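# Chain and residue survey
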Amino acid sequence: MGVLMDRVVTDFGARPNTAEDTVPAVRAALENCAGRKGIRLVFPPGRYHFYRDAAPERNLWISNNDGGVKRIGIPLFAVTDFELEGNGAELVFHGRMVPLAVWNSRGIRLKHFRVDWDRPFTLEGRILDQGRETLDLAMSPATPYVIREGRISGLDDDCYPQRNLGVIEFDPERREYAWDTRYPWLPNRAVELEPGRVRLFGPFEPVRIGRVLLLRMEGRHSPAVSVGRSAEVEVEDVALHAAAGMGLIVQESRDLQVCGLKVIPAPGSGRCLSVQDDATHFCNCRGRIVMERCRFEDNWDDGSNVHGIYRVVTQRGPNWVVTQVRHFQQLGVGMGEEDGDRFE
(Lines give C-alpha, C1' and ligand atoms only; values in the text may rest on other atoms or scores of the structure.)
Protein backbone atom coordinates (compact mmCIF):
# COMPACT_ATOMS: atom_id res chain seq x y z
CA MET A 1 0.00 0.00 0.00
CA GLY A 2 1.44 3.35 -1.03
CA VAL A 3 0.60 6.85 0.14
CA LEU A 4 -2.89 6.95 1.64
CA MET A 5 -5.45 9.74 1.40
CA ASP A 6 -7.23 10.26 4.72
CA ARG A 7 -10.96 10.59 5.16
CA VAL A 8 -11.66 11.50 8.81
CA VAL A 9 -15.17 10.65 9.94
CA THR A 10 -15.47 13.77 12.11
CA ASP A 11 -14.99 15.88 8.97
CA PHE A 12 -18.20 14.29 7.66
CA GLY A 13 -20.28 14.92 10.76
CA ALA A 14 -19.41 12.14 13.22
CA ARG A 15 -19.48 13.28 16.85
CA PRO A 16 -17.62 10.93 19.20
CA ASN A 17 -18.62 10.62 22.85
CA THR A 18 -22.23 11.54 22.11
CA ALA A 19 -25.28 9.36 21.43
CA GLU A 20 -25.55 10.63 17.84
CA ASP A 21 -25.63 8.16 14.98
CA THR A 22 -22.28 7.70 13.21
CA VAL A 23 -23.76 5.83 10.22
CA PRO A 24 -24.53 8.95 8.11
CA ALA A 25 -20.98 10.26 8.54
CA VAL A 26 -19.45 6.91 7.54
CA ARG A 27 -21.72 6.71 4.51
CA ALA A 28 -20.76 10.24 3.46
CA ALA A 29 -17.05 9.53 3.88
CA LEU A 30 -17.23 6.33 1.85
CA GLU A 31 -19.29 7.97 -0.88
CA ASN A 32 -16.72 10.77 -1.06
CA CYS A 33 -13.96 8.31 -1.92
CA ALA A 34 -15.97 5.78 -3.94
CA GLY A 35 -13.96 4.21 -6.75
CA ARG A 36 -10.62 5.48 -5.47
CA LYS A 37 -7.69 3.39 -4.29
CA GLY A 38 -5.40 4.15 -1.41
CA ILE A 39 -7.96 5.56 1.05
CA ARG A 40 -7.61 5.57 4.84
CA LEU A 41 -10.85 5.98 6.82
CA VAL A 42 -9.86 7.47 10.17
CA PHE A 43 -11.76 7.47 13.45
CA PRO A 44 -10.29 9.89 15.99
CA PRO A 45 -10.24 8.39 19.52
CA GLY A 46 -13.60 8.19 21.26
CA ARG A 47 -16.86 6.27 21.48
CA TYR A 48 -19.09 6.13 18.40
CA HIS A 49 -22.67 4.85 18.21
CA PHE A 50 -24.12 3.09 15.17
CA TYR A 51 -27.88 2.65 14.71
CA ARG A 52 -29.54 0.47 12.10
CA ASP A 53 -32.12 2.99 10.83
CA ALA A 54 -29.84 4.70 8.28
CA ALA A 55 -27.47 1.77 7.74
CA PRO A 56 -27.29 0.43 4.17
CA GLU A 57 -28.78 -2.98 3.44
CA ARG A 58 -27.13 -5.86 1.62
CA ASN A 59 -28.25 -9.42 1.04
CA LEU A 60 -25.36 -11.46 2.49
CA TRP A 61 -25.07 -15.23 2.67
CA ILE A 62 -22.59 -15.54 5.52
CA SER A 63 -21.23 -19.04 6.01
CA ASN A 64 -22.24 -20.76 9.25
CA ASN A 65 -24.28 -17.70 10.22
CA ASP A 66 -27.79 -16.67 9.29
CA GLY A 67 -27.98 -15.31 5.76
CA GLY A 68 -30.35 -12.71 4.36
CA VAL A 69 -30.72 -8.94 4.30
CA LYS A 70 -28.29 -7.25 6.69
CA ARG A 71 -27.94 -3.69 7.93
CA ILE A 72 -24.23 -2.86 7.84
CA GLY A 73 -22.45 -0.25 9.92
CA ILE A 74 -19.28 0.07 7.84
CA PRO A 75 -19.79 -1.46 4.36
CA LEU A 76 -16.59 -2.05 2.39
CA PHE A 77 -17.66 -3.52 -0.95
CA ALA A 78 -15.46 -3.68 -4.04
CA VAL A 79 -12.71 -1.49 -2.60
CA THR A 80 -8.96 -1.77 -3.16
CA ASP A 81 -6.01 -0.63 -1.04
CA PHE A 82 -8.12 0.59 1.85
CA GLU A 83 -7.24 1.08 5.51
CA LEU A 84 -9.55 1.62 8.46
CA GLU A 85 -7.61 3.29 11.28
CA GLY A 86 -9.53 3.33 14.54
CA ASN A 87 -7.00 4.93 16.91
CA GLY A 88 -8.47 2.84 19.71
CA ALA A 89 -12.04 4.01 19.06
CA GLU A 90 -14.94 2.08 20.55
CA LEU A 91 -17.65 1.36 17.97
CA VAL A 92 -20.95 0.61 19.70
CA PHE A 93 -23.81 -0.94 17.74
CA HIS A 94 -27.53 -1.04 18.39
CA GLY A 95 -29.83 -3.85 17.29
CA ARG A 96 -29.46 -6.36 14.49
CA MET A 97 -26.49 -5.16 12.46
CA VAL A 98 -23.29 -6.44 10.94
CA PRO A 99 -20.78 -3.85 12.22
CA LEU A 100 -18.21 -4.32 9.45
CA ALA A 101 -18.46 -6.15 6.11
CA VAL A 102 -15.58 -6.53 3.64
CA TRP A 103 -16.67 -8.16 0.38
CA ASN A 104 -15.17 -8.42 -3.11
CA SER A 105 -12.21 -6.33 -2.01
CA ARG A 106 -8.40 -6.51 -2.03
CA GLY A 107 -5.65 -4.99 0.06
CA ILE A 108 -7.70 -4.17 3.17
CA ARG A 109 -6.26 -3.28 6.59
CA LEU A 110 -8.48 -3.05 9.68
CA LYS A 111 -6.63 -1.55 12.63
CA HIS A 112 -6.95 -0.34 16.21
CA PHE A 113 -10.64 -0.32 17.13
CA ARG A 114 -13.14 -2.11 19.38
CA VAL A 115 -16.59 -3.48 18.51
CA ASP A 116 -19.35 -3.81 21.09
CA TRP A 117 -23.13 -3.69 21.41
CA ASP A 118 -25.02 -1.26 23.59
CA ARG A 119 -27.28 -4.14 24.65
CA PRO A 120 -26.06 -7.64 23.85
CA PHE A 121 -28.39 -10.34 22.59
CA THR A 122 -27.56 -12.78 25.39
CA LEU A 123 -28.52 -12.57 29.06
CA GLU A 124 -26.71 -13.47 32.26
CA GLY A 125 -28.03 -14.20 35.73
CA ARG A 126 -26.54 -15.49 38.99
CA ILE A 127 -28.17 -18.71 40.17
CA LEU A 128 -29.98 -18.10 43.47
CA ASP A 129 -32.11 -21.19 43.97
CA GLN A 130 -33.26 -24.36 42.23
CA GLY A 131 -36.60 -26.11 42.69
CA ARG A 132 -37.86 -29.32 41.17
CA GLU A 133 -38.47 -27.67 37.81
CA THR A 134 -37.48 -24.05 38.41
CA LEU A 135 -34.38 -21.85 38.55
CA ASP A 136 -34.31 -18.45 40.24
CA LEU A 137 -31.81 -15.95 38.85
CA ALA A 138 -30.52 -12.53 39.89
CA MET A 139 -30.24 -10.93 36.46
CA SER A 140 -27.11 -8.96 35.65
CA PRO A 141 -27.64 -5.24 35.06
CA ALA A 142 -25.00 -5.58 32.32
CA THR A 143 -27.50 -7.53 30.19
CA PRO A 144 -30.91 -5.80 30.48
CA TYR A 145 -33.92 -8.06 30.00
CA VAL A 146 -37.66 -7.91 29.47
CA ILE A 147 -40.36 -10.54 29.87
CA ARG A 148 -43.14 -10.52 27.30
CA GLU A 149 -45.96 -13.05 27.17
CA GLY A 150 -44.13 -15.31 29.59
CA ARG A 151 -40.85 -15.34 27.64
CA ILE A 152 -37.60 -13.61 28.51
CA SER A 153 -35.54 -11.69 25.96
CA GLY A 154 -32.99 -8.90 25.72
CA LEU A 155 -34.17 -5.37 26.30
CA ASP A 156 -33.85 -4.09 22.76
CA ASP A 157 -36.32 -3.33 20.00
CA ASP A 158 -34.53 -5.93 17.86
CA CYS A 159 -34.77 -8.70 20.48
CA TYR A 160 -37.82 -10.88 20.07
CA PRO A 161 -39.14 -13.40 22.61
CA GLN A 162 -37.94 -16.74 21.26
CA ARG A 163 -39.62 -20.07 21.91
CA ASN A 164 -36.47 -21.75 23.25
CA LEU A 165 -33.47 -20.92 25.43
CA GLY A 166 -29.96 -22.28 25.30
CA VAL A 167 -28.42 -22.28 28.79
CA ILE A 168 -24.92 -22.96 30.08
CA GLU A 169 -23.23 -22.44 33.45
CA PHE A 170 -20.29 -20.08 33.90
CA ASP A 171 -17.91 -20.16 36.86
CA PRO A 172 -17.38 -16.50 37.84
CA GLU A 173 -14.43 -17.29 40.12
CA ARG A 174 -12.43 -19.14 37.47
CA ARG A 175 -13.72 -16.90 34.67
CA GLU A 176 -14.56 -19.86 32.46
CA TYR A 177 -17.40 -22.16 31.55
CA ALA A 178 -18.08 -24.61 34.34
CA TRP A 179 -16.31 -27.89 33.70
CA ASP A 180 -19.39 -29.96 34.54
CA THR A 181 -21.99 -27.90 32.70
CA ARG A 182 -24.30 -29.11 29.97
CA TYR A 183 -25.78 -27.14 27.11
CA PRO A 184 -29.48 -27.93 26.77
CA TRP A 185 -32.11 -26.07 24.79
CA LEU A 186 -35.28 -25.57 26.84
CA PRO A 187 -38.69 -23.99 26.37
CA ASN A 188 -38.52 -20.27 27.09
CA ARG A 189 -40.85 -19.87 30.07
CA ALA A 190 -40.15 -17.15 32.62
CA VAL A 191 -41.76 -14.92 35.22
CA GLU A 192 -40.40 -11.90 37.09
CA LEU A 193 -40.57 -12.43 40.84
CA GLU A 194 -39.40 -8.89 41.54
CA PRO A 195 -37.31 -6.38 39.59
CA GLY A 196 -34.03 -8.08 38.72
CA ARG A 197 -35.13 -11.51 39.94
CA VAL A 198 -36.47 -14.02 37.41
CA ARG A 199 -37.77 -17.57 37.64
CA LEU A 200 -37.21 -19.95 34.73
CA PHE A 201 -39.26 -23.10 34.31
CA GLY A 202 -37.48 -26.32 33.33
CA PRO A 203 -36.93 -29.15 33.88
CA PHE A 204 -33.24 -28.48 34.60
CA GLU A 205 -30.24 -30.64 35.38
CA PRO A 206 -28.74 -29.97 38.84
CA VAL A 207 -26.83 -26.67 38.90
CA ARG A 208 -24.52 -25.02 41.40
CA ILE A 209 -25.84 -22.05 43.38
CA GLY A 210 -23.70 -18.94 42.88
CA ARG A 211 -22.67 -19.70 39.32
CA VAL A 212 -23.81 -17.53 36.44
CA LEU A 213 -26.30 -18.92 33.95
CA LEU A 214 -25.83 -17.66 30.40
CA LEU A 215 -29.05 -17.49 28.38
CA ARG A 216 -29.00 -17.63 24.61
CA MET A 217 -32.16 -16.84 22.68
CA GLU A 218 -31.06 -15.46 19.32
CA GLY A 219 -29.65 -16.97 16.15
CA ARG A 220 -26.48 -15.97 14.33
CA HIS A 221 -27.86 -12.89 12.65
CA SER A 222 -25.21 -10.31 13.61
CA PRO A 223 -21.58 -11.46 13.33
CA ALA A 224 -19.11 -8.71 14.20
CA VAL A 225 -16.84 -8.74 11.11
CA SER A 226 -17.77 -10.49 7.85
CA VAL A 227 -15.15 -10.94 5.09
CA GLY A 228 -16.18 -12.54 1.82
CA ARG A 229 -14.59 -13.12 -1.59
CA SER A 230 -11.67 -10.86 -0.75
CA ALA A 231 -7.88 -11.07 -0.75
CA GLU A 232 -4.95 -9.69 1.21
CA VAL A 233 -6.94 -8.70 4.28
CA GLU A 234 -5.15 -7.74 7.50
CA VAL A 235 -6.73 -7.38 10.93
CA GLU A 236 -4.45 -5.72 13.46
CA ASP A 237 -5.06 -4.95 17.16
CA VAL A 238 -8.85 -5.17 16.96
CA ALA A 239 -11.09 -6.18 19.89
CA LEU A 240 -14.51 -7.79 19.51
CA HIS A 241 -16.58 -7.75 22.70
CA ALA A 242 -19.97 -9.06 21.57
CA ALA A 243 -21.87 -10.43 18.58
CA ALA A 244 -24.98 -12.47 17.85
CA GLY A 245 -22.95 -14.83 15.70
CA MET A 246 -19.24 -15.21 14.96
CA GLY A 247 -16.59 -12.69 15.91
CA LEU A 248 -14.55 -12.73 12.68
CA ILE A 249 -16.06 -14.83 9.87
CA VAL A 250 -14.10 -15.14 6.61
CA GLN A 251 -15.28 -17.06 3.55
CA GLU A 252 -14.11 -17.64 -0.02
CA SER A 253 -11.09 -15.41 0.57
CA ARG A 254 -7.33 -15.74 0.35
CA ASP A 255 -4.18 -14.54 2.09
CA LEU A 256 -5.33 -13.30 5.48
CA GLN A 257 -3.31 -11.98 8.39
CA VAL A 258 -4.87 -11.64 11.83
CA CYS A 259 -2.53 -10.08 14.37
CA GLY A 260 -3.44 -9.03 17.90
CA LEU A 261 -7.14 -9.85 17.61
CA LYS A 262 -8.90 -9.98 20.98
CA VAL A 263 -12.29 -11.61 21.39
CA ILE A 264 -13.04 -10.92 25.04
CA PRO A 265 -15.80 -9.44 27.20
CA ALA A 266 -15.58 -5.66 27.29
CA PRO A 267 -13.37 -4.63 30.22
CA GLY A 268 -15.44 -3.11 32.98
CA SER A 269 -18.74 -4.19 31.42
CA GLY A 270 -19.52 -6.80 34.07
CA ARG A 271 -20.36 -9.32 31.35
CA CYS A 272 -19.12 -12.91 31.35
CA LEU A 273 -19.70 -13.68 27.65
CA SER A 274 -17.88 -12.25 24.66
CA VAL A 275 -19.26 -13.29 21.25
CA GLN A 276 -22.16 -15.69 21.03
CA ASP A 277 -20.41 -18.22 18.76
CA ASP A 278 -16.92 -18.83 17.29
CA ALA A 279 -14.26 -16.22 17.92
CA THR A 280 -12.89 -16.78 14.40
CA HIS A 281 -14.16 -18.89 11.52
CA PHE A 282 -12.71 -19.50 8.05
CA CYS A 283 -14.65 -21.30 5.33
CA ASN A 284 -13.56 -22.17 1.78
CA CYS A 285 -10.46 -20.00 2.03
CA ARG A 286 -7.14 -20.47 0.24
CA GLY A 287 -3.61 -19.13 0.30
CA ARG A 288 -2.21 -18.34 3.75
CA ILE A 289 -4.07 -17.68 6.99
CA VAL A 290 -1.66 -16.26 9.58
CA MET A 291 -2.78 -15.69 13.19
CA GLU A 292 -0.41 -14.12 15.72
CA ARG A 293 -0.77 -12.65 19.24
CA CYS A 294 -4.51 -13.39 19.36
CA ARG A 295 -6.53 -13.83 22.55
CA PHE A 296 -9.93 -15.50 22.66
CA GLU A 297 -11.87 -15.69 25.92
CA ASP A 298 -15.40 -16.59 27.00
CA ASN A 299 -16.92 -16.98 23.54
CA TRP A 300 -19.70 -19.54 23.44
CA ASP A 301 -18.21 -21.80 20.76
CA ASP A 302 -14.88 -22.49 19.00
CA GLY A 303 -11.82 -20.31 19.26
CA SER A 304 -11.07 -20.93 15.59
CA ASN A 305 -12.64 -23.13 12.96
CA VAL A 306 -11.10 -23.69 9.51
CA HIS A 307 -12.98 -25.87 7.03
CA GLY A 308 -14.47 -26.37 3.61
CA ILE A 309 -17.93 -27.57 2.67
CA TYR A 310 -18.85 -31.00 1.36
CA ARG A 311 -21.73 -31.07 -1.10
CA VAL A 312 -23.87 -33.89 -2.42
CA VAL A 313 -23.65 -34.41 -6.18
CA THR A 314 -27.22 -34.79 -7.44
CA GLN A 315 -26.56 -34.70 -11.21
CA ARG A 316 -23.48 -34.87 -13.38
CA GLY A 317 -22.52 -34.58 -17.02
CA PRO A 318 -19.31 -34.68 -19.06
CA ASN A 319 -18.17 -31.24 -17.86
CA TRP A 320 -20.76 -30.14 -15.30
CA VAL A 321 -22.24 -31.15 -11.97
CA VAL A 322 -25.23 -30.11 -9.89
CA THR A 323 -24.57 -30.13 -6.16
CA GLN A 324 -26.65 -29.64 -3.05
CA VAL A 325 -25.77 -28.22 0.35
CA ARG A 326 -27.29 -29.89 3.39
CA HIS A 327 -27.33 -27.06 5.91
CA PHE A 328 -29.22 -23.76 5.70
CA GLN A 329 -26.20 -21.78 6.93
CA GLN A 330 -24.21 -22.90 3.87
CA LEU A 331 -26.65 -21.46 1.33
CA GLY A 332 -25.02 -18.99 -1.01
CA VAL A 333 -21.43 -20.05 -0.24
CA GLY A 334 -19.67 -20.57 -3.56
CA MET A 335 -17.43 -23.38 -4.73
CA GLY A 336 -15.03 -23.86 -7.59
CA GLU A 337 -15.22 -20.30 -8.87
CA GLU A 338 -11.57 -19.81 -9.86
CA ASP A 339 -9.94 -21.10 -13.03
CA GLY A 340 -8.04 -24.30 -12.36
CA ASP A 341 -10.16 -25.45 -9.43
CA ARG A 342 -10.52 -29.22 -9.29
CA PHE A 343 -13.47 -31.27 -8.05
CA GLU A 344 -13.00 -34.64 -6.42
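Residues numbered from 1 in each chain as written. Predicted model: local features only at pLDDT ≥ 70, side-chain atom pairs only at ≥ 80, totals over all residues. Heavy atoms only, no water.

The next thing to look at is the overall build of the protein. When helices and strands are counted, the protein shows 1 helix and 29 strands. Projected onto the principal axes, the alpha-carbon positions of the protein cover approximately 65 × 55 × 35 Å. Here the protein, with 344 residues, has 51% of them falling under the buried criterion. Separation between the mean location of the 44 positive side-chain charges and that of the 49 negative ones in the protein comes to 2 Å. (Helix = DSSP H or I, 4+ residues; strand = E, 2+ residues; numbered from the N terminus. Buried < 20%, exposed > 50% of the residue type's maximum accessible area, 1.4 Å probe, protein only. Lys, Arg positive; Asp, Glu negative; His and termini not counted. Charge placed at Lys NZ, Arg CZ, Asp CG, Glu CD.)

With mixed pairing, 7 strands are arranged side by side in an open sheet as 4-5-7-19-21-24-27. Every other strand in the sheet has two partners, leaving strand 4 (57-60) and strand 27 (304-307) as the edge strands with one partner each. The sheet shows a mean angle of 30 degrees between the axes of neighbouring strands, taken without regard to direction. With 4 bridges connecting them, strand 19 (residues 225-228) and strand 21 (residues 248-251) associate as parallel partners. The residue bridging S226 from the neighbouring strand is I249, located in strand 21. (Pairing = 2+ DSSP bridges. Axes fitted to C-alpha atoms, helices over the stretch in contact; angles between N-to-C directions.)

Per the counting criterion, the structure on display carries 29 salt bridges. The salt bridge partner of R109 is E83, with a shortest N-O separation of 3.5 Å. Pair noted here: R109 is in strand 8 (residues 106-117) and E83 is in strand 6 (residues 80-94), with a separation of 26 residues, a long-range link. Residue classification places R109 among the partly exposed positions, given a relative accessible area of 24%. Here R271 and D116 are joined by a salt bridge, their closest N and O atoms 2.7 Å apart. (Salt bridge = Lys/Arg side-chain N within 4 Å of Asp/Glu carboxyl O.)

Moving on, we come to a nonpolar patch on the surface. On the surface, a cluster of nonpolar side chains totalling about 310 Å² of accessible area is made up of W61, F328 and L331. A relative accessible area of 34% places W61 in the partly exposed class. (Patch = residues over 30% accessible without salt bridge, like charges linked within 9 Å, V, L, I, M, F, W, Y side chains within 5 Å. Areas by Shrake-Rupley, 256 points an atom, 1.4 Å probe, with all protein chains shown as cover.)

Further remarks concern the packing of aromatic side chains. A full pass over the atoms with the stated rule returns 6 aromatic pairs. Pairing F93 with W117 gives two aromatic rings, centres 6.0 Å apart and planes at 45 degrees, and the pair type is tilted. Here W117 lies in strand 8 and F93 lies in strand 6, a separation of 24 residues in the sequence. Here F93 and W117 have matching classes, each one buried. In textbook terms, an aromatic cluster arises when at least three aromatic residues are bridged by ring pairs, as seen for F43, Y48, F50, F93, W117 and F121. Above the plane of the ring of F77 lies R58, whose end atom (NZ or CZ) is 3.9 Å from the centre. One Lys or Arg, R216, reaches over the ring of W300 and ends 5.8 Å from the middle of that ring. (Phe/Tyr/Trp six-rings, centres within 6.5 Å; stacked < 30°, edge-to-face > 60°. Lys NZ or Arg CZ within 6 Å of the ring centre and 35° of its normal.)

With that settled, consider the side chain of S222. Note on placement: S222 falls in the loop between strand 18 (212-216) and strand 19. By relative accessible area, which is 0% here, S222 ends up buried. Side-chain polar atoms of S222 contact the backbone nitrogen of M97, separated by 3.3 Å. At 2.7 Å, the side chain of S222 forms a polar contact with the side chain of H221. (Polar contact = N/O pair within 3.5 Å; in protein donor to acceptor, adjacent residues only side chain to side chain.)

Our focus in this paragraph is the environment of E252. Within the secondary structure, E252 sits in the loop between strand 21 and strand 22 (254-259). By relative accessible area, E252 is classed as buried at 15%. For the pair E252 and V333, spaced 81 residues apart in sequence, the C-alpha to C-alpha distance is 7.7 Å. At 3.1 Å, the side chain of E252 and the side chain of R229 are in polar contact.

Our next topic: helix 1 (residues 23-32). When helix 1 is considered as a whole, its buried residues turn out to be V23, A25, V26, A29 and L30. For helix 1, the buried positions fall inside an angular range of 165 degrees around the axis, keeping them on one side. Buried residues in helix 1 make contact with strand 1 (5-8), strand 2 (39-42), strand 3 (47-51), strand 5 (68-77) and strand 6. (Arc of directions from axis to C-beta. Contact = heavy atoms within 4.5 Å.)

Looking now at unusual backbone geometry. Geometrically, the link from G202 to P203 is a cis peptide bond, its omega value of 20 degrees lying close to zero. In this fold, P203 is placed in the loop between strand 17 (197-201) and strand 18. Despite not being glycine, N104 shows a phi value in the positive range, around 55 degrees. By the secondary structure assignment, N104 is in the loop between strand 7 (98-103) and strand 8. Unlike most non-glycine residues, R293 shows phi in positive territory, near 55 degrees. Tracing the backbone shows R293 in the loop between strand 25 (286-292) and strand 26 (295-296).

Let us now look at the pairing of strand 2. Direction of pairing for strand 1 relative to strand 2: parallel, over a ladder of 4 bridges. By the bridge assignment, M5 is partnered in strand 2 with I39. Chirality of the crossover, the property in question, places the unit of strand 1, helix 1 and strand 2 among those that are right-handed. Note: strand 2 against strand 6, 4 bridges, orientation parallel. Its bridge partner being in strand 6, R40 is matched across the sheet by E83. (Right-handed = clockwise from strand over helix to strand, strands pointing away.)

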